[in-house]
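# A structural walkthrough
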Amino acid sequence: GYIGYPLALKLAGNQGLVKAIFYDLFGTVLFILTIGLIIAQHYGDQDKKINIIKELLTFPAIIALVLGLAFKPVVIPAIILVPLVWVGKLTIYLIAISVGLNLELSEVKGYYLLFAAVCFLKLIISPLMAFGLSGLFRLDGQASLIAILEASMPPAMLSLVLGLRYKLNVSFLSSAIFIASIISLFTIPLFQLVAAR
């Protein structure tokens, strides 16, 4: 979301942003809060069992989506809406600070093969699959563009949040996010050219 949302807004306007948010929530977030939590419980240093249903129902983005849908018919005054928009824009910078605080590039040395695997799967295989599936399901131009765009994003910052919460290897996670984000500066435009054809 932190890279995909602004790009979706720039490339496809508000409709594209809405599609990107739904892709992120029902693709990335649901995957991380199910499969990701199972992995976190297995490998993390956590004594208590993780309740996946509780995590899903109490996840802030899911709650925000439900509240947004519930209040859609209500006209929200600008005095309330404008500060909410400002807080939303701060999120990107807070996530970047979190990555910076947890980034230890000295940890990169021992993980070359894992970093290569993360980058290859997330930055090459994932968008190629989105390209193939969008053709298979005959998605329209904008939906296909957003699906490929979102699939070509670097690993989600939410994985770092899970890492911190469940005591996983945070130095590896933050380094992988950082390295994949740098490499994605080259791979995202490449896949946008493919999506535009």
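Anything mentioned here points back to the structure above.
Keep in mind that this is a model prediction, so the values were computed, not measured. (Residues numbered from 1 in each chain as written. Predicted model: local features only at pLDDT ≥ 70, side-chain atom pairs only at ≥ 80, totals over all residues. Heavy atoms only, no water.)

For the rest of this paragraph, the subject is the side chain of glutamine 192. Within the secondary structure layout, glutamine 192 lies in helix 8 (residues 170-196). The exposure class of glutamine 192 is buried, given its relative accessible area of 12%. Excluding residues within four positions of it along the chain, glutamine 192 makes contact with Leu11, Leu145, Ile148, Leu149 and Ser152. (Helix = DSSP H or I, 4+ residues; strand = E, 2+ residues; numbered from the N terminus. Buried < 20%, exposed > 50% of the residue type's maximum accessible area, 1.4 Å probe, protein only. Contact = heavy atoms within 4.5 Å.)

Before going further, it helps to spend a moment on the pattern of salt bridges. Once the charged atoms of two side chains with opposite charge are near each other, the side chains can pair. Enumeration over the complete set of coordinates arrives at 1 salt bridge. Across the pair glutamate 55 and arginine 165 runs a salt bridge, and its minimum N-O distance is 3.0 Å. Pair noted here: glutamate 55 is in helix 2 (residues 52-58) and arginine 165 is in helix 7 (residues 158-165), with a separation of 110 residues, a long-range link. The class for glutamate 55 is buried, based on a relative accessible area of 13%. (Salt bridge = Lys/Arg side-chain N within 4 Å of Asp/Glu carboxyl O.)

So, about helix 5 (residues 112-136). For helix 5, with 25 residues, the first-to-last C-alpha span of 35 Å sits near the 36 Å given by 1.5 Å per residue. The sharpest bend along helix 5 reaches about 30° and sits at isoleucine 125, with the proline proline 127 one to four residues further on. Considered for burial, the residues of helix 5 that qualify are Phe115, Cys119, Leu123, Ser126, Pro127, Ala130 and Ser134. Looking at the buried residues of helix 5, the elements they touch are helix 6 (141-151) and helix 8. In the stretch just after helix 5, arginine 138 is the one whose phi turns positive, near 55°. (Expected span 1.5 Å × (residues − 1). Bend = angle between axes of the 7 residues up to and from the residue.)

The grouping of Ile63, Leu67, Phe71, Val74, Ile76, Ile79, Ile80, Leu81, Val82, Leu84, Val85 and Trp86 at the surface amounts to a nonpolar patch, some 1100 Å² of accessible area in total. Contributions of two or more residues to the nonpolar patch are made by helix 3 (60-70) and helix 4 (78-102). In terms of residues, the nonpolar patch owes the most to one element, helix 4, which gives 7 residues. One can find leucine 81 in helix 4. (Patch = residues over 30% accessible without salt bridge, like charges linked within 9 Å, V, L, I, M, F, W, Y side chains within 5 Å. Areas by Shrake-Rupley, 256 points an atom, 1.4 Å probe, with all protein chains shown as cover.)

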